[in-house]
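What follows is the residue order along each chain.
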Amino acid sequence: MIYLDLIFNLTLLVAISVVSGFIEKHFSSRGNSGKATQGVLFGLAAVVGMMRPLQFVHGLIFDGRSMMISLCSLFFGPVAGIIATIPTVAYRIFLGGFGTLTGVSVILSSLTIGLIVHYRMRPDERPPEAKVLFLFGMIVHLVMLLMMFTLPWQDAIEVVKSLGLPILLLYPLATILVGKILSDQIVAFRSREALQESESLFRSLFENHSAIKMIVEPETGTIVDANKSAENYYGWPRETIRQ
């Protein structure tokens, strides 16, 4: 069952990472609006994941919320992480059961670890490598297993014996997969931003330079573009110079 549960939550996480990339393209996560949108996205995904959990016993459920909250916090920081955490905690409390305290503890620990690593690594400047993501996923889910000891002792031991190994084998690997998707998206968008800034700087220097500047096609000698100084010097509009 835990394998089917992981596949469902992993599929959801991959879909969320794709949507996250679309959001990043239109609302940069460097701004608060972009971070808030990412938080809403990951929070809703965590809630959806809890709608189809692995139910160990009545009131004690396992799903992908630890990955969603920790990765959201790691990549997008406190604004996104806290916004994602609020509906996740609220829905876990709404579900109730004797594992409610444990479930909320897992959410808060995932948020905390994600934020600590976010401030230590600054993934928007240096996206984490696969081995770092694996270690990150391992720590998040080791702490999750430790949180099981907020349950009665016998229940905690039973959970760790039954689910400890598959959780530590599969959830960190899922963290690598989704983390790499998010990392690659960040690298691509930051590269595009840098290219756009470079093009804007070149255009500004070319257009506003006091010297005559023209771009000439080397093979044909055709003037591709000319700046304002060239227009003023020759007394022709730019369209005429280009011909």
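The structure this text deals with has already been given above.
It should be emphasised that the depicted structure is a prediction, and the values quoted were computed from it without experimental measurement.

As enumerated under the stated definition, the model contains three aromatic pairs in all. Ring centres 6.0 Å apart and planes at 50 degrees place the aromatic pair Phe42 and Phe76 in the tilted group. With Phe42 in helix H2 (residues 32-51) and Phe76 in helix H3 (residues 65-95), this pair connects stretches of sequence that are 34 residues apart. The residues Phe42 and Phe76 share a single accessibility class, namely buried.

Nonpolar side chains collect at one region of the surface, where Ile212, Met214, Val216, Tyr233, Tyr234 and Trp236 lie side by side and expose about 610 Å² of accessible area between them. Listed by contribution, the elements that provide at least two residues to the nonpolar patch are strand E3 (214-216) and helix H7 (228-234). One can find Ile212 in the loop between helix H6 (153-208) and E3. By relative accessible area, Ile212 is classed as partly exposed at 36%.

Next up on the list: the nonpolar core. Formed by 29 residues in total, the largest nonpolar core has its most connected members in Phe42, Leu74, Phe75, Phe76 and Phe136. At the level of elements, H2, H3, helix H4 (100-121), helix H5 (130-147) and H6 are the ones that each hand at least two residues to this core. With 10 residues, the single largest contributor to this core is H3. Residues Met67, Met148, Leu151 and Leu163 belong to the second largest nonpolar core, which totals 15 residues.

The rules behind each value
Residues numbered from 1 in each chain as written. Predicted model: local features only at pLDDT ≥ 70, side-chain atom pairs only at ≥ 80, totals over all residues. Heavy atoms only, no water. Phe/Tyr/Trp six-rings, centres within 6.5 Å; stacked < 30°, edge-to-face > 60°. Helix = DSSP H or I, 4+ residues; strand = E, 2+ residues; numbered from the N terminus. Buried < 20%, exposed > 50% of the residue type's maximum accessible area, 1.4 Å probe, protein only. Patch = residues over 30% accessible without salt bridge, like charges linked within 9 Å, V, L, I, M, F, W, Y side chains within 5 Å. Areas by Shrake-Rupley, 256 points an atom, 1.4 Å probe, with all protein chains shown as cover. Salt bridge = Lys/Arg side-chain N within 4 Å of Asp/Glu carboxyl O. Core = buried A, V, L, I, M, F, W, Y, C linked by side-chain atoms within 4.5 Å.

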